[in-house]
Amino acid sequence: MTPEYKTVPILDAARRAGVRIADGQAGRYEVKAFCPFCLGRTKNPHLYLNTEKNRFFCQRCGEHGNSVSLYAKIRGVSNKESCESVLIDFKIKASQTIL
């Protein structure tokens, strides 16, 4: 029996973590944002949020991952702690797994 998986939308995770979203889209499934990891060094958005795969990638500093790891890196917590926080923030049942 295959477990049911629940994903957290990357845009929701980014907004809740305080990422500044740029105006407009970068592509069909991508939204540009200002990278919180290299923000002080650039005035242009280099962080791409893929809304189809719920993944992020900064073309400047190379940070990458999924919605839970983005939340964890910004908050300075482990992925496990981030996952627990996301479960509460997004009202996801504990029996479901986050990718």
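Description of the structure in this document. (Residues numbered from 1 in each chain as written. Predicted model: local features only at pLDDT ≥ 70, side-chain atom pairs only at ≥ 80, totals over all residues. Heavy atoms only, no water.)

## Focus: the nonpolar core
Logical step 1: If you look at the biggest cluster of nonpolar residues, it comprises 13 residues, and the most contacted ones within it are Leu47, Leu49, Phe56 and Leu70.
Logical step 2: Elements supplying a minimum of two residues to this core: helix 1 (10-16), strand 3 (30-33), strand 4 (47-50) and strand 5 (55-58).
Logical step 3: In terms of residue count, the dominant contributor to this core is helix 1 (three residues).
Logical step 4: Leave out the neighbours within four places in its chain, and Leu47 touches Val19, Val31, Lys32, Ala33, Phe34, Cys35, Pro36, Phe56, Phe57 and Cys58.
Logical step 5: Counting residues in hydrophobic clusters, the runner-up holds five residues, among them Val8, Ala13, Tyr71 and Val86. (Core = buried A, V, L, I, M, F, W, Y, C linked by side-chain atoms within 4.5 Å. Buried < 20%, exposed > 50% of the residue type's maximum accessible area, 1.4 Å probe, protein only. Helix = DSSP H or I, 4+ residues; strand = E, 2+ residues; numbered from the N terminus. Contact = heavy atoms within 4.5 Å.)

## What to know about the sheet that holds strand 2 (residues 21-25)
Logical step 1: A sheet is described by the order of its strands in space; here five strands give the open sequence 2-3-4-5-6, paired in antiparallel fashion. Each end of this open sheet is capped by a strand with a single partner; those strands are strand 2 and strand 6 (64-66). Ignoring strand direction, the axes of neighbouring strands in this sheet form an average angle of 25°.
Logical step 2: Bridge analysis of strand 3 against strand 4 gives four bridges, and the strand direction is antiparallel. Across the sheet, Lys32 pairs through a bridge with Tyr48, a residue of strand 4. (Pairing = 2+ DSSP bridges. Axes fitted to C-alpha atoms, helices over the stretch in contact; angles between N-to-C directions.)

## Focus: the packing of aromatic side chains
Logical step 1: Throughout the structure, instances matching the rule amount to zero aromatic pairs.
Logical step 2: Sitting over the ring of Phe34, Arg20 keeps its end group 3.7 Å from the ring centre. (Phe/Tyr/Trp six-rings, centres within 6.5 Å; stacked < 30°, edge-to-face > 60°. Lys NZ or Arg CZ within 6 Å of the ring centre and 35° of its normal.)

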